[in-house]
Amino acid sequence: MSEPQTFRIVLVVWLALAAAAFLLLLFVPAPYGRYTRKSFGPTVDRRLGWILMELPSPVIFALCFALGPRHGILPLVWLLLWLGHYGHRAVVFPFQMRGGAQQMNLAAALLGLFFNFANAYLNGRYLFALGPERGATWLLEPRFVAGVTLFAAGFIINRRADLALQRLRGPGESGYKIPRGGLFEIVSCPNYLGEIIEWCGWALCTWSLPGLGFALWTAANLVPRAISHHRWYRTTFTEYPRRRRALVPFLL
Ligand code: NDP
């Protein structure tokens, strides 16, 4: 079977798996962070776990770029967006974590690795080789401009919220506190909201099925997790603000 044929099959399976993951995660939160459990099998140092599951993504995406054959300005912009996000997530974010569980379940790290591997391959091969070739004029196309704007807005929302959460713990502190200020006043998980906006922006600016797949997978991972976090906050803190929603202001 040729690579384009295999690619199409993998992509369809990948989209179907997103729906299955969404349903599963509604009932069983991925076992890392506050949901790490001995009963979910072996654990691994959480920093190592994060690096292990995130680092393959920029490496594989950059490898797809290197294999080409497309190396113009547009592929370069896509590469920079991807590396901007994943360079941070793989090598900066793990070292900003403070306190809390020092371990994560190995199962979560392996599933994350699989998720990142598949997304990086599908997006990278599509954009740099197998999908329709788009010239530099795509940089002026409204879908591209709107998508990159969304991507940047989502990135800023995500980063600001993750940093605010990580700063809730002082040196040597563990445990959880009620996050306050900014978007936290209206939703429990603005970091997840930002991440979903970011990858919707990616889907728009690449105008591609693999990009859409990434956005759907991100929502499949993070909508159930936001609901779990929100429920957890409400049962853990009696004084948790009642007006706050889980993920989408005033709605969900
Ligand atoms: P969380 O919001 O669960 O945690 C982020 C960090 O903040 C962790 O270090 C956590 O500690 C700490 N933290 C969270 N809440 C509190 C609190 N109330 N008090 C004190 N500390 C707190 O995010 P995730 O770990 O699930 O995700 C991290 C990043 O990865 C996010 O930006 C997310 O969007 C992204 N991500 C993306 C996915 C995708 O599909 N694209 C999938 C999963 C994550 P602790 O670890 O101890 O809980």
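Notes on the structure in this doc start here. Just so it is clear, the structure is predicted and the values come from calculations on it, not from any experiment. (Residues numbered from 1 in each chain as written. Predicted model: local features only at pLDDT ≥ 70, side-chain atom pairs only at ≥ 80, totals over all residues. Heavy atoms only, no water.)

Overview of the overall build of the protein chain
Within the protein chain, the regular secondary structure consists of 9 helices and 2 strands. Walking the protein chain from its N terminus toward its C terminus, one meets helices and strands in the order α-β-α-α-α-α-β-α-α-α-α. In summary, the protein chain has a C-alpha radius of gyration of 19 Å against a globular reference of 18 Å for 252 residues, a match within 12%. In terms of overall dimensions, the protein chain has a C-alpha envelope of 55 × 40 × 35 Å along the principal axes. Within the protein chain, contacts between residues separated by at least 24 positions form 84% of all contacts whose residues are at least 6 apart in sequence. For the protein chain, the exposed area adds up to about 12200 Å²; of that, 71% sits on carbon and sulfur atoms. Separation of charge centres in the protein chain, based on 25 positive and 11 negative side chains, amounts to 7 Å. (Helix = DSSP H or I, 4+ residues; strand = E, 2+ residues; numbered from the N terminus. Rg over C-alpha atoms; globule rule 2.2 N^0.38 Å. Contact = heavy atoms within 4.5 Å. Areas by Shrake-Rupley, 256 points an atom, 1.4 Å probe, with all protein chains shown as cover. Lys, Arg positive; Asp, Glu negative; His and termini not counted. Charge placed at Lys NZ, Arg CZ, Asp CG, Glu CD.)

Examining the packing of helix α4 (residues 73–91) against helix α8 (residues 190–206)
Viewed as axis vectors pointing N to C, α4 and α8 meet at an angle of 160°, and their least axial separation amounts to 12 Å. In terms of orientation, α4 and α8 fall into the roughly antiparallel class. In terms of crossing hand, the pair formed by α4 and α8 is left-handed. Taking contact as the criterion, the partners of W78, L81, W82, H85, Y86 and R89 in α4 are, on α8, E195, E198, W199, W202, C205 and T206. Classifying every residue of the contact of α4 with α8 by side-chain character gives 7 nonpolar, 2 polar and 3 charged. (Axes fitted to C-alpha atoms, helices over the stretch in contact; angles between N-to-C directions. Parallel < 35°, antiparallel > 145°, perpendicular 65-115°, else oblique. Left-handed = near helix turned anticlockwise from the far one by under 90°. Nonpolar A, V, L, I, M, F, W, Y, C, P; charged D, E, K, R; others polar.)

As for the nonpolar core
Here is a general trend for soluble globular proteins: nonpolar side chains tend to be buried in one another's company. Ranked by size, the top nonpolar core spans 32 residues in total, and within it F61, W78, W82, L127, W199 and W202 carry the most contacts. Looking at this core, the elements with two or more residues in it are α1 (3–27), α3 (56–67), α4, α6 (106–130), α7 (142–166), α8 and α9 (209–236). Here the element with the most residues in this core is α6; it accounts for 7 residues. When residues no more than four places from it in sequence are discounted, the contact partners of L127 are F61, R70, W78, W202 and T206. With 18 residues, the next largest nonpolar core counts F93, M97, Y192 and L222 among its residues. (Core = buried A, V, L, I, M, F, W, Y, C linked by side-chain atoms within 4.5 Å. Buried < 20%, exposed > 50% of the residue type's maximum accessible area, 1.4 Å probe, protein only.)

Focus: the layout of surface pockets
Estimates place the volume of the second largest pocket at around 180 Å³. Along its surface, the second largest pocket is lined by I157, R160, A161, A164, R180, G181, G182, L183, F184 and P190. In terms of residue count, α7 provides more of the lining of the second largest pocket than any other element does, 4 residues in total. Tallied by class, the residues present in the lining of the second largest pocket amount to 6 nonpolar, 2 polar and 2 charged. (1 Å grid on protein atoms, 1.4 Å probe; cavity = no way out; pocket = protein on both sides within 12 Å on 5 of 7 lines; lining within 4 Å. Points joined across faces, edges and corners; volume = space filled by probe spheres on them.)

Looking at the environment of A226
Secondary-structure assignment places A226 in helix α9. C-alpha of A226 to C-alpha of C189: the two residues are 37 residues apart in sequence and 6.0 Å apart in space. Excluding its chain neighbours within four sequence positions, the residues that come into contact with A226 are C189, Y192, A246 and L247.

A look at the site of the ligand
Taken together, 28 residues are adjacent to the ligand, and Y32, D162, Y176, K177 and Y192 come closest. Here a nitrogen atom of the ligand sits 3.0 Å away from a polar atom, N or O, in the side chain of R34. Interatomic distance of 3.0 Å between a side-chain N/O atom of R89 and an oxygen atom of the ligand. Alone, the ligand offers 890 Å² of accessible surface; in the complex the protein occludes 95% of this. (Near = heavy atom within 4 Å. Polar contact = N/O pair within 3.5 Å; in protein donor to acceptor, adjacent residues only side chain to side chain.)

Examining the environment of M53
Topologically, M53 is positioned in helix α2 (residues 46–54). Each C-alpha atom, one on M53 and one on H229, is 22 Å from the other, the two residues being 176 residues apart in sequence. Contacts of M53, omitting those with residues within four sequence positions, involve M104, A108, A109, G112, L113 and N116.

Comments concerning α9
Helix length check: α9 (28 residues) gives 40 Å between terminal C-alpha atoms against 40 Å at 1.5 Å per residue, within 8%. A side-chain oxygen of the first residue of α9 lies 3.0 Å from the backbone nitrogen of G211; this N-cap is S208. (Expected span 1.5 Å × (residues − 1).)

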